Amino acid sequence: MSLIEITEVRKSYGENEVLKGINLDVEPGEVIAIIGKSGSGKSTLLRCINGLETISKGSISVAGAQLHDDEVHLKALRLKIGMIFQQFNLFPHLTVGGNVMLSQMVVKKTAKPEAEKMARRMLERVGLEQKFDAYPDELSGGQQQRVAIARALAMQPMALLCDEITSALDPELVAEVLAVVRELAAEGMTLLMVTHEMKFARDVCSRVVFMYQGRVHEIGRPEDVFANPQTPELKQFLGLH
Amino acid sequence: MIEFTIWDILRNLLLATRWTIVLSLVSFIGGGIVGLVLLFLRVSKRQWSRSLAKYYIELFQGTPLLMQLFIAFFGLGLFGIDVPAWLAAGLALIFWSAAFLGEIWRGCVEAIAKGQWEAAASLGMGRLQQMRYVILPQAMKIAVPPTVGFSVQVIKGTALTSIIGFVELSKAGTVVTNATFQPFTVYGLVALIYFALCWPLSWSSQILERKLNVAHRNY
Ligand SMILES: Nc1ncnc2c1ncn2[C@@H]1O[C@H](COP(=O)(O)OP(=O)(O)OP(=O)(O)O)[C@@H](O)[C@H]1O
Ligand SMILES: [Mg+2]
């Protein structure tokens, strides 16, 4: 059984159909890069997977459980799948430690000492254990994004969705975040990432999905997709990079 | 004819000022509680609850407070319910304040980036938890100056309740004037007392706002 099963998923905003029948199965431990032009529906697909958007048609199931749009099901789903955003979205009123502890305590009802232990472990994993008491606005963008990763990991998800998590960073800060992601991949975390880092996709990902106008236009192993694109659209897209 | 000293006048006015203060506090606190309910209805995911709060707010913001006082006082009387002036005054001011506070606070909640809701949601928090632990702590900070500022409107709003016979500062002013025939002195003192109540509030509201702008963290 696949970890994430996306079947004939359609999503419209009013008249505008943004996803036009997406099929994609993700196996545990896979690292999938989603590439494609702006507006091709990459973010929308990720947001549908963890229920930030409701799908218009089709089905999505995670670890065998169907996605339903009510609070109980959504919560169960989001315990299995974490998400990292382009803009970090750390909680500015909480310290780094507080950011990583909050949802453990509120959602999982973990006792504070355990939550703190977990938070310190996860911050260590992203190399920021010494920033436990700092506030987000005292950190660089790269550090903030690593905290966001630690925050998601502290919920012990089965998979992580990453939407252009290095796009808001200064170029010199991209590497530190990618290094963390690379390590997660090596440890066997299932990752679905929208990215413009083609080199990273080539090195780390097990499959690459090329989206075009709301469809999965090409999919395959990175060495095939990058070296031997089948469609003119992908050829053109890769030419731009 | 009896002579009234300034002190006599002032003493009577200050005694009545108690009721202005009590009514202001009741309206502000009661309005705050109802306003909080309105806020939650207003930012809910459910369409009917958003509409309900929206119509409530439009109704109370779209009609003069004076009319609301009349309706609470005389309107309920038509149904055989005898409403004392203090109750009508309290209720009308509570519901009126709630409409404005609810709307002020909605603005503050909406000023918080959508990504904050989404991050909290993606960590598994329910709607109320997102509000309680992530949105409100941030929104409350920016809500303080306009909320304190609005409390000035509440104090001034209590003056209208004199029309339905509630004896607070303004009503006392009228009564004392009728006894002393010194309208200028009396209303001058009334104005001074209102100013003494309101000015510290609007001043601190401005200070708080300036502080907030300086200590602007990254939101
Ligand atoms: N909330 C929304 N309401 C209406 N239309 C939307 C909304 N979100 C996205 N869209 C539309 O859906 C389409 C796909 O958007 P999406 O954000 O998924 O693209 P993307 O592939 O992530 O692009 P980018 O590379 O620019 O992030 C776009 O045409 C966009 O205008
Ligand atoms: Mg996008």
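Being a predicted model, the structure only gives us computed values, none of them experimental.

Asker: Just to check I follow, could you spell out helix 3 (residues 65-78) of chain B for this structure?
Answerer: Given 3.6 residues per turn, any residue in an α-helix points the same way as the ones three and four places further on. Residue and element names in this part refer to chain B. For helix 3, with 14 residues, the first-to-last C-alpha span of 20 Å sits near the 20 Å given by 1.5 Å per residue. Along helix 3, the helix axis deviates most sharply at I71, where the bend reaches about 30°. Regarding helix 3, the residues found buried are L65, Q68, L69, A72 and G75. At the exit of helix 3 stands G80, carrying a positive phi of roughly 80°.

Asker: Help me out: how do you make sense of the domain arrangement of chain A in this one?
Answerer: Many analyses report the size of an interface as the accessible area lost when the parts associate. Residue and element names in this part refer to chain A. Splitting chain A by domain gives domain 1 (1-80 + 160-241) and domain 2 (91-156). Just the C-alpha atoms count here: the centres of domain 1 and domain 2 sit 25 Å apart. With 14 residues of domain 1 at the contact, the number on the domain 2 side is 15 residues. When domain 1 packs against domain 2, close to 1,100 Å² is buried across both sides, 69% of that on carbon and sulfur atoms. For domain 1, the biggest contributors to the area lost against domain 2 are L79, E176 and V180; these three give 38% of the whole. For the pair domain 1 and domain 2, the number of links is 2 salt bridges.

Asker: Just to check I follow, could you spell out the sheet that holds strand 5 (residues 65-66) of chain A for this structure?
Answerer: Backbone hydrogen bonds are what pair the strands of a sheet, in a parallel or an antiparallel way. Residue and element names in this part refer to chain A. Strand order in this open sheet of 4 strands is 2-1-4-5, and the pairing throughout is antiparallel. The open sheet has two edge strands, strand 2 (16-26) and strand 5, and neither has a second partner. Pairing between strand 1 (residues 4-13) and strand 4 (residues 57-62): 5 bridges, direction antiparallel. Residue T7 lies in a different strand from strand 4, and its bridge partner there is S59.

Asker: So what exactly am I meant to see when it comes to the confidence of the model for chain B here?
Answerer: Reading fine detail from the predicted coordinates is not recommended where pLDDT is low. All names here are of chain B. For chain B, the average pLDDT comes to 92, and 97% of its residues sit at 70 or higher. Confidence, expressed as mean pLDDT per element, reaches its minimum in chain B at helix 3 with 90 and its maximum at helix 5 (residues 114-122) with 96. Quick note on the complex model: pTM equals 0.88, ipTM equals 0.93.

Asker: Looking at this model, I keep getting lost on the nonpolar core. Mind explaining?
Answerer: Most often, soluble globular proteins have nonpolar side chains that are buried together. Formed by 68 residues in total, the largest nonpolar core has its most connected members in I4(A), I6(A), I34(A), I49(A) and V109(B). Both domains that furnish three or more residues to this core are identified here as domain 1 (1-80 + 160-241) and domain 2 (91-156) of chain A. Beyond its immediate stretch of four places on either side in the chain, V109(B) contacts L39(B), V43(B), W117(B), M131(B), I135(B), L136(B) and A139(B). Residues V126(A), A148(A), V208(A) and F237(A) belong to the second largest nonpolar core, which totals 53 residues.

Asker: Would you take a moment to explain the interface of chain B and chain A for this structure?
Answerer: Each partner contributes to the interface: chain B provides 21 residues, whereas chain A provides 25 residues. Both faces combined, the contact of chain B with chain A buries some 2,000 Å², and carbon together with sulfur accounts for 60% of it. For the pair chain B and chain A, the interface holds 1 salt bridge. Taken together, chain B and chain A are joined by 6 residue pairs in polar contact (both at pLDDT 80 or more). Per element, the largest residue contribution to the side of chain B that touches chain A is 8 residues, and it comes from helix 5 of chain B. When its residues are assigned to classes, the side of chain B that touches chain A shows 9 nonpolar, 8 polar and 4 charged.

Conventions adopted
- Residues numbered from 1 in each chain as written.
- Chains lettered and ligands numbered in written order.
- Predicted model: local features only at pLDDT ≥ 70, side-chain atom pairs only at ≥ 80, totals over all residues.
- Heavy atoms only, no water.
- Helix = DSSP H or I, 4+ residues; strand = E, 2+ residues; numbered from the N terminus.
- Expected span 1.5 Å × (residues − 1).
- Bend = angle between axes of the 7 residues up to and from the residue.
- Buried < 20%, exposed > 50% of the residue type's maximum accessible area, 1.4 Å probe, protein only.
- Domains from an automatic or database assignment.
- Contact = heavy atoms within 4.5 Å.
- Buried area = accessible area lost by both parts, 1.4 Å probe.
- Salt bridge = Lys/Arg side-chain N within 4 Å of Asp/Glu carboxyl O.
- Pairing = 2+ DSSP bridges.
- pLDDT = per-residue confidence, 0-100.
- Core = buried A, V, L, I, M, F, W, Y, C linked by side-chain atoms within 4.5 Å.
- Polar contact = N/O pair within 3.5 Å; in protein donor to acceptor, adjacent residues only side chain to side chain.
- Nonpolar A, V, L, I, M, F, W, Y, C, P; charged D, E, K, R; others polar.

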